[in-house]
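Single-letter residue listing:
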Amino acid sequence: MKQPPRGRNFFFGPGPTNIPDSVLAAIAHATIDFNDADFLALYESCVAGLKRLLGTEQHVFLYTASGHGAWEATFANLCTPGDRILMVESGYFSDDWAKMGRKFGLTVETLAADWRRGAEFGELSRMLAADTGKTFRALCIVHNETSTGVCLPLEEVRRLLDETGHPALLFADAISSFGSMECWMDAWGIDALVGGSQKGLMLPTGMSFTAVSEKAMAVHENAGLPRYYFDWTEMLRRRQKSFCGTLPVALFFGLKEALRLIEEEGLMAVFARHHRLGEGVRRAVRHWSGNEGPELFCTDPARVSDSVTAIRMPDGHDAEAVRETALRRFNVALGSGLGPLRGKVFRIGHLGDLNEPMVLGALGAVEMSLGINGVPHSPGGVDAAMAWFAEERQPGITAAH
Ligand SMILES: *Cc1c(COP(=O)(O)O)cnc(C)c1O
């Protein structure tokens, strides 16, 4: 049943993501000393580029770690055992982040949410207003919940904190949003923004970071959790004012090229492309959903993610079987359902180095795999995506060719 592996593997996981050829070539660089002047120049240009992407002029601490490392660093540097933390539930990643907080001895309270819609912000406002003693030290939120394809409006959260005069720090996990969707650290008043290398930045896994506000740095001075490898104060003593231990030098050669690609396309054009591709996927899924077929997991059209779509299978049909067929027969890798969504959901990542025909290829493989597995659906989802991509007044497209 397995086809010979000719042509490209179509990778549609929502992270890690495809690495552009020029980034791969840039990474294939001889090692240089990370204290060498040549490296420091490269390093500084990368950090400046990263700050432009995040819309921040504040400090960024980087780590040789995946995104979880940046979560951990953020708690370790900004919290004290017993601190009350408010976690906005969104899905698998908010649950996991809350679990980590509890392991660190934090009192994590959760604003419960329907994973298909995300938290009710009216309820969030009530919780903040009810905290008259202002005991929540931080509000944690996953901007773009990669397990559900639901994106929450962070600027609204900032507004609610301001309206209630709540001093809690705002921690945002922007791992699968920044660089693909609008996410502006300073304009949105985010105090700790967590990101990683292997999603919108189109790099291999292995580097993550926290961008930190001045307000949060003041809290850091007195934060009581133990820390060593991730200690920001220790990092500030180093030449790079970041990292403990060895820097992932090769990733910086890649980062410089990735930033060049993003800025050559233009950040707003990158966001428009992600919207275009995401909308194409959504139109295909909405079409399939006729005939009691698979449907969009996210039920709030105002909160759909432009970087990943989670697709809910009709009851009694296994998402893993569809994924298996897409991979074995058509060499198309899709994301699985995470945690309680395993088998019920599969995901199409549409962030990073992708274009319309690649997305159509993935959608074609999905539609074939639905048919092969006897999953009810309304055929023609790929046509719906094609009709959208071919429309002349596309966001980000200036002239029809
Ligand atoms: C990928 C991801 C993470 C976890 O990052 P790792 O790099 O796998 O440790 C955390 N949060 C979100 C929203 C993610 O998409």
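**Points about the side chain of Ser307**
Relative to the elements of secondary structure, Ser307 occurs in the loop between β11 (295-296) and β12 (308-312). Residue classification places Ser307 among the buried residues on the basis of a relative accessible area of 1%. Here the side chain of Ser307 touches Asn144 through a polar contact of 3.0 Å, side chain to side chain. If near-sequence neighbours (up to four positions away) are discounted, Ser307 is found in contact with Asn144, Ser176, Ser180, Met181, Ile348, Gly349, His350 and Leu351.

**Some points on the sheet that holds strand β8 (residues 169-173)**
Ordered in space as β2-β10-β9-β8-β5-β3-β4, the 7 strands form an open sheet in which the pairing is mixed. Of all the strands in the sheet, just β2 (59-63) and β4 (107-111) have a single pairing partner and so form its edges. The mean angle between the axes of side-by-side strands here comes to 20°, regardless of whether they run parallel or antiparallel. Across 5 bridges, strand β5 (residues 136-142) lies against β8 in parallel orientation. Among the inter-strand pairings, Leu139 is bridged to a residue of β8, identified as Leu170. Each of β2, β5, β8, β9 (192-196) and β10 (208-212) touches helix α3 (residues 67-78); the most contacted strand, β9, lies at about 160° to it.

**A few points about the domain arrangement of the chain**
Many analyses report the size of an interface as the accessible area lost when the parts associate. Segmenting the chain into domains produces domain 1 (21-262) and domain 2 (266-390). On a C-alpha basis, the centres of domain 1 and domain 2 stand 28 Å from each other. The interface of domain 1 with domain 2 comprises 29 residues on the first partner and 28 residues on the second. Buried area between domain 1 and domain 2, both sides added, is near 2,300 Å², and the carbon and sulfur share of it is 63%. When residues of domain 1 are sorted by the area they lose upon contact with domain 2, Arg116, Ser180 and Ile262 head the list and together hold 27% of the total. Scanning the region where domain 1 abuts domain 2 turns up 1 salt bridge. Between Glu295 and Arg116 there is a salt bridge; the shortest N-O distance is 3.2 Å. Across the domain 1-domain 2 interface, the total number found is 14 residue pairs in polar contact (both at pLDDT 80 or more). At the level of secondary structure, the elements contributing two or more residues to the side of domain 1 that touches domain 2 comprise α2 (37-54), α4 (92-103) and β7 (150-151).

**Topic: the sheet that holds strand β14 (residues 345-349)**
Ordered in space as β1-β13-β14-β12-β11, the 5 strands form an open sheet in which the pairing is mixed. In this open sheet, the two edge strands, each paired with only one partner strand, are β1 (10-12) and β11. Of the strands in this sheet, β13 (332-336) and β14 are in contact with helix α11 (residues 319-330), which crosses β13 at around 160°.

**Thoughts on the pattern of salt bridges**
Scanning the model with the defined rule gives 29 salt bridges in all. Measuring nitrogen to oxygen at the nearest pair gives 3.2 Å for the salt bridge that ties Asp162 to Arg158. Of this pair, Asp162 and Arg158 both sit in helix α6 (residues 154-163), 4 residues apart, which is roughly one turn of the helix. Of the residues examined, Asp162 reaches a relative accessible area of 48% and is grouped as partly exposed.

What counts and how
Per chain, residues are indexed from 1 in the order of the written sequence. Under the rules for a predicted model, residues below a pLDDT of 70 receive no local features and side-chain atom pairs below 80 are neither given nor counted, while totals for whole chains, interfaces and linings still include all residues. Where side-chain values are given, they derive from all heavy atoms of the structure, hydrogens and water being excluded. Secondary structure follows DSSP: runs of H or I at least 4 residues long count as helices, runs of E at least 2 residues long count as strands, and numbering of each begins at the N terminus. Only protein chains enter the accessibility calculation, which uses a 1.4 Å probe; a residue is then buried when its area is under 20% of its type maximum, exposed when over 50%, and partly exposed in between. Pairs of N or O atoms are called polar contacts if they sit within 3.5 Å, as long as, within protein, a hydrogen donor faces a hydrogen acceptor (for residues adjacent in sequence, only side-chain-to-side-chain pairs). Residue contacts follow a heavy-atom distance rule, with two residues in contact if any of their heavy atoms lie within 4.5 Å. Following DSSP output, two strands are said to pair if at least two bridges run between them. Here an angle of 0 to 180 degrees is reported between the N-to-C directions of two axes, which are lines fitted to C-alpha atoms, with helices fitted over the stretch in contact. These domain limits were set by an automatic method or by a database of domain assignments. By convention, the term buried area covers the 1.4 Å-probe accessible surface removed from two parts as they join, with the contributions of both added. Salt-bridge detection follows one rule: a side-chain nitrogen of Lys or Arg within 4 Å of a carboxyl oxygen of Asp or Glu.

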